[in-house]
Amino acid sequence: MITMIPSSSTNLLSIKDLILPASLGAFLPLAWLLFIILTKEDHFEFWMYYPLTIIPIGGAIGGALFYLMGFQWFPTGNRKLIAIISSTILYFVALWISAVMAFAITGHWD
């Protein structure tokens with residue numbers, strides 16, 4: 001009878017491991033929104049703070065899911081490729097949902 005003994009290389013996930021992918025996931029929408037605002041700084045209004053906070057939070061959640069699916073849950077083989085493709089789609093869905101939420105809160109979603 002063969003028994004499976006967990007190896008010492010099994011990683012436990014910590015918050016520290018998720019900080020980098022979450023910050024990278026949040027940086028893309030934040031940089032894009034700041035670029036748009038800085039090029040039209042005379043049009044900046046108070047309601048724009050909601051998208052500036054909610055959309056990068058969605059990007060951070062998408063980045064954390066990308067890291068978890070692609071590098072923690074499915075680390076090798078064809079499953080990793082499928083996980084990376086699907087987590088990329090989930091990242092953009094998280095950005096879209098957070099953008100819809102942010103603009104629905106401000107009343108600018110038509």
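Residues numbered from 1 in each chain as written. Predicted model: local features only at pLDDT ≥ 70, side-chain atom pairs only at ≥ 80, totals over all residues. Heavy atoms only, no water.

Caption draft 1: Focus on the packing of helix H1 (residues 15–39) against helix H2 (residues 49–73). Relative orientation of the contacting elements H1 and H2 amounts to 145°, with a least axis distance of 7 Å. When you trace H1 past H2, the crossing you get is right-handed. Across the interface between the two elements, Asp17, Leu18, Pro21, Ala22, Gly25, Ala26, Pro29, Leu30, Leu33, Leu34 and Ile37 of H1 pack against Pro51, Leu52, Ile55, Pro56, Gly59, Ala60, Gly63, Ala64, Tyr67 and Leu68 of H2. Class assignment for the residues of the contact of H1 with H2 results in 17 nonpolar, 3 polar and 1 charged. (Axes fitted to C-alpha atoms, helices over the stretch in contact; angles between N-to-C directions. Helix = DSSP H or I, 4+ residues; strand = E, 2+ residues; numbered from the N terminus. Left-handed = near helix turned anticlockwise from the far one by under 90°. Contact = heavy atoms within 4.5 Å. Nonpolar A, V, L, I, M, F, W, Y, C, P; charged D, E, K, R; others polar.)

Caption draft 2: Just a nonpolar patch on the surface, in detail. On the surface, a cluster of nonpolar side chains totalling about 900 Å² of accessible area is made up of Leu81, Ile85, Ile89, Leu90, Val93, Trp96, Ile97, Met101 and Trp109. Note on placement: Ile85 falls in helix H3 (residues 77–106). (Patch = residues over 30% accessible without salt bridge, like charges linked within 9 Å, V, L, I, M, F, W, Y side chains within 5 Å. Areas by Shrake-Rupley, 256 points an atom, 1.4 Å probe, with all protein chains shown as cover. Salt bridge = Lys/Arg side-chain N within 4 Å of Asp/Glu carboxyl O.)

Caption draft 3: Region of interest: the side chain of Thr106. Looking at the element boundaries, Thr106 is found in helix H3. A polar atom in the side chain of Thr106 sits 3.1 Å from the backbone oxygen of Phe103. The contact partners of Thr106, leaving out residues within four places of it in the chain, are Trp47, Tyr50 and Pro51. (Polar contact = N/O pair within 3.5 Å; in protein donor to acceptor, adjacent residues only side chain to side chain.)

Caption draft 4: Expanded view of the nonpolar core. Ranked by size, the top nonpolar core spans 10 residues in total: Leu33, Ile37, Met48, Leu52, Ile54, Ile55, Tyr91, Leu95, Ala99 and Ala102. Residue assignment for this core shows that the elements contributing at least two residues are H1, H2 and H3. For this core, the element with the highest residue contribution is H3, accounting for 4 residues. If we ignore the near neighbours within four places in the chain, the residues touching Ile54 are Ser98, Met101, Ala102 and Ile105. (Core = buried A, V, L, I, M, F, W, Y, C linked by side-chain atoms within 4.5 Å. Buried < 20%, exposed > 50% of the residue type's maximum accessible area, 1.4 Å probe, protein only.)

Caption draft 5: Looking closely at the confidence of the model for the chain. Residues with a pLDDT of 70 or more make up 88% of the chain, whose mean pLDDT is 82. For the chain, per-element mean pLDDT is lowest for H1, which scores 83, and highest for H3, which scores 91. The low-confidence segment residues 4–9 (pLDDT under 50) makes 0 contacts with residues lying over four places distant or belonging to another chain. (pLDDT = per-residue confidence, 0-100.)

Caption draft 6: Local environment of the packing of aromatic side chains. Inspection of the entire model under this criterion finds 6 aromatic pairs. One aromatic cluster is present, built from ring pairs that chain together Phe66, Tyr67 and Phe71. (Phe/Tyr/Trp six-rings, centres within 6.5 Å; stacked < 30°, edge-to-face > 60°.)

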